[in-house]
Structures are given as C-alpha cells and as structure tokens.
Amino acid sequence: MGIQIAPSILTADFAHLADEAKAVSDAEWLHVDVMDNHFVPNLTLGMPVVEALAKAAEQPLDCHLMIEDPDRWAPGYVEAGASSVTFHVEACRAPIRTAREIRAKGARAAMALRPATPIEPYEDMLAELDMVLLMTVEPGFGGQKFLDVVLPKIRRTRDLVTKHGLDIWIEIDGGVSAETIERCAEAGADVFVAGSAVYSADNPNEMVNHLRTLAEAATA
Ligand SMILES: O=C(CO)[C@H](O)[C@H](O)COP(=O)(O)O
C-alpha cells in the first residue's frame, strides 16, 4: 500500500486552511483533528469546516474524531466529505457498528487508541477496520514529545495484522518528525501524521517528502 504522509492541520494557520492544504500538496492525505473539549481538553473544528475543506483541498481528508459519542457523529463526517473517519475506542460504545456505518457510507473506517490502551482486546474486530491509529502522544495538542513507550504496541499491531492476513493501515499520530519516523516505520507503521514537524518547516512540502523518504528507507 506504500507509505502515506498526512500533515495535521492542527498546527496550520486556521485562518488560511485552503492555502495550508496547498502548502502540503505532495502529501497523500490531509489529517483533520476534530476535538470537542470533552474527550480531550481542547476545541478545534467540526463538520462545517470539514465540509468546506473537503471542497478546497485536493488531498483526501483523514478525520480524527477526538470527541465523545463518536457513534452518533462519525457517519456525518463521511457525509461532510471525509475519506477516512477515525473514532476513539475509549469513547465509542459500539465500535463494530460505527465502523460498519462509516464503511457503508463509503469512507475508510479507523479506530484510534490512546497511548496506554492495549490493542489485544480488539484483535477480533481488526477485520472490520481499514486502519488502526496508534497515538504516540496523549491526544489533545500538537507539538508534544513522541512517546517511545508506544513502539512495542506498533510492533504487536503489525504482528496481529500479518497473523490475520489483513490489508489495513497502521497510522501513527503525535511527535512524528525526522527524528522519530524511522523507528515507527521499522516497527510497522505505514501512515504518518505530522503536524508541527511539517508546518514549522521552512518548506512544508519538502518536509513531507523528506519524511516519506526516511520512512521508505527504514522499511526497504
Ligand atoms: O492528534 C493530534 C493531537 O491530539 C495531532 O494530530 C498530533 O499531535 C500532531 O501534531 P504533532 O505532529 O505536532 O505532534
């Protein structure tokens, strides 16, 4: 499936989101962090912004819902134009039903795990998903330090995906940079969300390509 780089607009300029999407035109996906100030202590954006960005951006939108009650809201984000919708398993009452609803509406369904949430209890439902997102910081804010402690879980998730012969992405989110991406790729991740590393670079597109090159070399 190949390495995918997904710049997070969390650290972009919210007053110029269309331009910020263009600034990372070489990226495969655009990562959109939806926060409700309940599941995480931060508030960002919701469906109307996703709908506008889906029209303005060329990249598919990878929507990460850091919200309570994703069961209720996730399908609406597909209707708003998201190509993938990620719900947090810690907040989701019916993850299998929610994943099926996302897929039925035509988007990729993904399940996110906070750093301390184990993957093993969800082994039997991996086949219901297109992607697993493993947080490598506590969700809520950009610019945090990468948590090395999650690396063994990335390896175990890759082992489970291989064991079941599944074709699903493993996405890493939080503290991804030129210093950390190779470790994640070696452990088995193939989708990389990077916010501050990309948007604080002098040339965001160059950083996108640099990150991809590092990840590809680490898995060659
Ligand atoms: O989900 C997130 C925070 O909850 C962000 O996507 C993530 O932290 C990206 O930002 P950075 O690359 O700066 O860590």
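Residues numbered from 1 in each chain as written. Predicted model: local features only at pLDDT ≥ 70, side-chain atom pairs only at ≥ 80, totals over all residues. Heavy atoms only, no water.

### Some words on the site of the ligand
Reasoning step 1: Around the ligand, 20 residues are found, and the nearest of them are Asp33, Gly140, Gly143, Gly195 and Ser196.
Reasoning step 2: In this structure, Asp33 approaches the ligand through a side-chain N or O atom, which is 2.7 Å from an oxygen atom.
Reasoning step 3: In this structure, Asp173 approaches the ligand through a side-chain N or O atom, which is 2.9 Å from an oxygen atom.
Reasoning step 4: Against a free-state accessible area of 360 Å², the protein chains account for coverage of 100% of the ligand.
Reasoning step 5: Comparing atom positions with the cavity grids shows the ligand to sit within the largest cavity.
Reasoning step 6: With three residues, the top contributor of residues to the shell around the ligand is strand 2 (residues 30-35).
Reasoning step 7: Residues of the shell around the ligand, tallied by class, amount to eight nonpolar, 10 polar and two charged. (Near = heavy atom within 4 Å. Polar contact = N/O pair within 3.5 Å; in protein donor to acceptor, adjacent residues only side chain to side chain. Areas by Shrake-Rupley, 256 points an atom, 1.4 Å probe, with all protein chains shown as cover. 1 Å grid on protein atoms, 1.4 Å probe; cavity = no way out; pocket = protein on both sides within 12 Å on 5 of 7 lines; lining within 4 Å. Sits in = over half its atoms within 2 Å of the grid points. Helix = DSSP H or I, 4+ residues; strand = E, 2+ residues; numbered from the N terminus. Nonpolar A, V, L, I, M, F, W, Y, C, P; charged D, E, K, R; others polar.)

### Observations concerning the side chain of Glu20
Reasoning step 1: Residue placement: Glu20 occurs in helix 1 (residues 17-22).
Reasoning step 2: For the buried Glu20, which has no salt bridge, the nearest side chain bearing the opposite charge is Lys22, at an N-O separation of 10 Å.
Reasoning step 3: Sequence-distant contacts of Glu20, that is, excluding residues within four places in its chain, are made with Ala12, Asp13 and Tyr199. (Buried < 20%, exposed > 50% of the residue type's maximum accessible area, 1.4 Å probe, protein only. Lys, Arg positive; Asp, Glu negative; His and termini not counted. Salt bridge = Lys/Arg side-chain N within 4 Å of Asp/Glu carboxyl O. Contact = heavy atoms within 4.5 Å.)

### Side note on the pattern of salt bridges
Reasoning step 1: Within the structure shown, the criterion is met by 10 salt bridges.
Reasoning step 2: Residue Arg212 is joined to Glu28 by a salt bridge in which the shortest nitrogen-to-oxygen separation is 2.8 Å. Taken together, the residues Arg212 in helix 8 (residues 204-219) and Glu28 in the loop between helix 1 and strand 2 connect sequence positions 184 residues apart.
Reasoning step 3: Judged by relative accessible area, Arg212 falls into the buried class, the value being 12%.
Reasoning step 4: Look at Glu28 and you get partly exposed, because its relative accessible area is 24%.
Reasoning step 5: Here Arg156 and Glu120 are joined by a salt bridge, their closest N and O atoms 2.7 Å apart. Here the residue Arg156 occupies a position in helix 5 (residues 151-163), and Glu120 occupies one in the loop between strand 5 (108-113) and strand 6 (131-135), the gap between them amounting to 36 residues.
Reasoning step 6: For Glu120, a relative accessible area of 35% translates into the label partly exposed.

### With respect to the UniProt feature "active site" (unreviewed entry) in the protein
Reasoning step 1: Per the UniProt record, "active site" (unreviewed entry) is annotated on Asp33 and Asp173. These annotated residues cover 141 residues of sequence, and their C-alpha atoms lie no more than 10.6 Å from one another, placing them together at a single site. Considered against the largest cavity, the annotated residues that line it turn out to be Asp33 and Asp173.
Reasoning step 2: Along the polypeptide, Asp33 turns up in strand 2.
Reasoning step 3: Residue contacts for Asp33: discarding those within four places in its chain leaves Ser8, Leu10, Thr44, Leu45, His64, Met66 and Asp173.
Reasoning step 4: Asp173 sits in the buried class, given a relative accessible area of 9%.
Reasoning step 5: In this view, Asp173 contacts His31, Asp33, His64, Leu133, Leu134, Met135, Thr136, Val137 and Val193; residues no more than four positions away in its chain are not counted.
Reasoning step 6: Within polar-contact distance, the side chain of Asp173 engages the side chain of His31 at 3.3 Å. (UniProt positions renumbered as here; feature names shortened; annotations may be inferred.)

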